[in-house]
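Results of the structural survey
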Amino acid sequence: MGHIVKKIYGDVEKDPNYENLIIEDNSDGKVHIHLKNIRLDLTRGDFSVLKEAILEAHEKMKSYHGWPE
């Protein structure tokens, strides 16, 4: 496990038990997604694919449900 290079979302210093979503870019080339007792380790490339899929799904959900955002 590498050291945190960048805090993408959230802050482990303020939330050491990972009660809220925290996403960290680490020096070992991995992106760690933490939420409560779940930890997902992804390569930076895999994280990029996941991020694009989530953004695409969000756009489709907005369209299907007529969300204004």
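The following refers to the structure shown. (Residues numbered from 1 in each chain as written. Predicted model: local features only at pLDDT ≥ 70, side-chain atom pairs only at ≥ 80, totals over all residues. Heavy atoms only, no water.)

Here's the deal with unusual backbone geometry
- With a phi close to 55°, Tyr18 is a non-glycine residue in the positive phi region.
- Of note, Lys36 is a non-glycine position whose phi angle comes to about 55°, a positive value.
- Following the sequence through the fold, Lys36 ends up in the loop between strand E3 (30-35) and strand E4 (38-43). (Helix = DSSP H or I, 4+ residues; strand = E, 2+ residues; numbered from the N terminus.)

With respect to the pattern of salt bridges
- Inspection of the entire model under this criterion finds six salt bridges.
- Among the salt bridges present, the one from Asp11 reaches Lys7, with a minimum N-O distance of 3.0 Å. (Salt bridge = Lys/Arg side-chain N within 4 Å of Asp/Glu carboxyl O.)

A few points about the environment of Asn26
- Among the structural elements, Asn26 can be located in strand E2 (residues 22-26).
- Apart from the residues within four sequence positions on either side, Asn26 is in contact with Gly2, His3, Ile4, Val5, His32 and Arg44.
- A distance of 3.4 Å separates a polar atom in the side chain of Asn26 from the backbone oxygen of Glu24.
- Here His32 takes part through its side chain, which lies 3.2 Å from a polar atom of the side chain of Asn26. (Contact = heavy atoms within 4.5 Å. Polar contact = N/O pair within 3.5 Å; in protein donor to acceptor, adjacent residues only side chain to side chain.)

Overview of the environment of Ile23
- Checked against the element boundaries, Ile23 lands in strand E2.
- Sequence-distant contacts of Ile23, that is, excluding residues within four places in its chain, are made with Lys6, Lys7, Ile8, Tyr9, Val31, His32, Ile33 and Phe47.

A word on the sheet that holds E2
- Taking strand neighbours across the sheet as the criterion, the four strands line up as E1-E2-E3-E4 in an open arrangement whose pairing is antiparallel. The sheet is open, and its two borders are formed by strand E1 (4-9) and E4, each paired with just one other strand. Across the sheet, the axes of successive neighbouring strands diverge by a mean angle of 20°, strand direction being ignored.
- Pairing analysis gives six bridges linking E3 to E4, with the strands arranged antiparallel. Looking at the pairing, Leu35 lines up with Ile38 of E4.
- Contacting E1, E2, E3 and E4, helix H1 (residues 44-65) runs over the sheet at an angle of about 110° to E4. (Pairing = 2+ DSSP bridges. Axes fitted to C-alpha atoms, helices over the stretch in contact; angles between N-to-C directions.)

Focus: H1
- If you check H1, its first and last C-alpha atoms are 31 Å apart, about what 22 residues at 1.5 Å a residue would give, namely 32 Å.
- With its phi angle positive at about 70°, Gly66 sits one or two positions after the end of H1. (Expected span 1.5 Å × (residues − 1).)

Here we look at the pairing of E3
- With four bridges connecting them, E2 and E3 associate as antiparallel partners. Each bridged residue has a counterpart across the sheet, and for Glu24 the counterpart in E3 is His32.

Don't take any of this as a statement about function, it's just geometry.
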